[in-house]
Amino acid sequence: MEYLITPPAETDWQINQSDFADCLMKKWSHIQLKQITNSDDYYCLEGSISVAGDGLLEVALHRDRQGVSLDGYLEDCAFFAVWLRSLVPQNQELVFYDQGYNVHIELKQNTTESEIINSFIGTAQLLL
C-alpha cells in the first residue's frame with residue numbers, strides 16, 4: 001500500500017537530498033538508491049529497502065523535497081515514518097497518510113509506530 005509523509009500546509013522547509021540519502025544509507029546498509037535526473041519526474045530520489053523476510057519498502061523523495069512516498073506494509077512504513085520524524089526539525093509539522101487521504105495522523109516527535117498502525121487499523125475496523 002502507498003503512504004505519504006508531507007507537511008500539512010505550505011512551507012518553505014525542504015529535505016536536503018544528499019543528507020537524506022546519507023541518512024538512509026547509514027540506517028539501511030543494503031538500500032539501493034537511484035537519483036532521478038529527469039526534471040519532469042515527480043521524484044528526485046528513489047530507493048528500495050529490504051525488510052524482514054522477503055519484504056521490500058519502496059521510498060521516494062518528492063522533487064519539491066517536501067515529502068516522501070512509501071510503498072510497503074503499514075508496519076514498515078510506520079517504522080520509517082517514526083525514523084524520518086526524528087530527523088526533521090521539531091517545529092516542522094508532518095502528516096502520515098494513505099494515498100487517498102482517507103486516514104491521516106500528525107507525526108509528532110513522540111508519535112509511535114503503534115499509534116500510526118492503530119489509527120489505520122481502527123479506521124479499517126469501523127468501515128467493516
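Structure: above.
Residues numbered from 1 in each chain as written. Predicted model: local features only at pLDDT ≥ 70, side-chain atom pairs only at ≥ 80, totals over all residues. Heavy atoms only, no water.

*Asks:* Pulling in residues and values, what's your account of the overall build of the protein?
*Replies:* In terms of regular secondary structure, the protein is built from three helices and seven strands. Put simply, the protein runs from its N terminus to its C terminus through helices and strands in the order β-α-β-β-β-β-α-β-β-α. Relative to the compact-globule value of 14 Å for 128 residues, the protein shows a C-alpha radius of gyration of 14 Å, a close match. Taking the principal axes of the C-alpha coordinates as reference, the protein spans close to 45 × 35 × 30 Å. Across the 128 residues in the protein, those meeting the buried criterion constitute 41%. A separation of at least 24 residues holds for 48% of the contacts in the protein among residues at least 6 apart in sequence. When the accessible surface of the protein is totalled, it reaches about 7700 Å², and 47% of it is carbon and sulfur. (Helix = DSSP H or I, 4+ residues; strand = E, 2+ residues; numbered from the N terminus. Rg over C-alpha atoms; globule rule 2.2 N^0.38 Å. Buried < 20%, exposed > 50% of the residue type's maximum accessible area, 1.4 Å probe, protein only. Contact = heavy atoms within 4.5 Å. Areas by Shrake-Rupley, 256 points an atom, 1.4 Å probe, with all protein chains shown as cover.)

*Asks:* Which residues make up the pattern of salt bridges, and what values go with them?
*Replies:* Enumeration according to the criterion identifies one salt bridge in this entry. As a salt-bridge pair, Glu46 and Lys34 come within 3.8 Å of each other at their nearest N and O atoms. A residue pair is termed long-range when its members are at least 10 positions apart, and Glu46 in strand 3 (residues 43-50) and Lys34 in strand 2 (residues 32-35) qualify at 12 residues. Given a relative accessible area of 24%, Glu46 falls into the partly exposed group. (Salt bridge = Lys/Arg side-chain N within 4 Å of Asp/Glu carboxyl O.)

*Asks:* Quick one: what's the story with the side chain of Thr111, residue by residue and with numbers?
*Replies:* In this structure, Thr111 sits in the loop between strand 7 (104-107) and helix 3 (113-127). Judged by its relative accessible area of 9%, Thr111 falls in the buried class. A polar side-chain atom of Thr111 sits 2.7 Å from the main-chain amide nitrogen of Lys108. Leave out the neighbours within four places in its chain, and Thr111 touches Val82, Ile105, Glu106 and Ile116. (Polar contact = N/O pair within 3.5 Å; in protein donor to acceptor, adjacent residues only side chain to side chain.)

*Asks:* Lay out the packing of helix 1 (residues 17-27) against helix 2 (residues 74-87) in plain terms, naming residues and giving numbers.
*Replies:* The geometry of helix 1 relative to helix 2 is characterised by a closest axis approach of 12 Å and an angle of 130 degrees between their N-to-C directions. Compared by their axis directions, helix 1 and helix 2 come out oblique. Crossing handedness for the pair helix 1 and helix 2: right-handed. Here Phe20, Cys23, Leu24 and Lys27 of helix 1 lie close against helix 2, whose contacting residues are Phe79, Phe80, Trp83, Leu84 and Leu87. (Axes fitted to C-alpha atoms, helices over the stretch in contact; angles between N-to-C directions. Parallel < 35°, antiparallel > 145°, perpendicular 65-115°, else oblique. Left-handed = near helix turned anticlockwise from the far one by under 90°.)

*Asks:* Mind laying out the environment of Pro8, listing which residues take part and the relevant values?
*Replies:* Its location among the elements puts Pro8 in the loop between strand 1 (2-6) and helix 1. Given the relative accessible area of 48%, Pro8 is considered partly exposed. Distance in space between the C-alpha atoms of Pro8 and Glu106 is 8.4 Å, their sequence separation being 98 residues. In this structure Pro8 touches Glu93, Leu94 and Val95, once residues within four positions along its chain are discounted.

*Asks:* Quick one: what's the story with the sheet that holds strand 6 (residues 94-98), residue by residue and with numbers?
*Replies:* Taken together, seven strands build an open sheet; the order of strands is 2-3-4-5-1-6-7 and the sheet is antiparallel. Because the sheet does not close on itself, it has two edges, and the strands there are strand 2 and strand 7. Each strand of the sheet is rotated relative to its neighbour by a mean of 15 degrees, with strand direction disregarded. Judged from the seven bridges that link them, strand 3 and strand 4 (residues 56-62) form a sheet pairing that is antiparallel. Pairing of Ser50 across the sheet is with Leu56, part of strand 4. (Pairing = 2+ DSSP bridges.)

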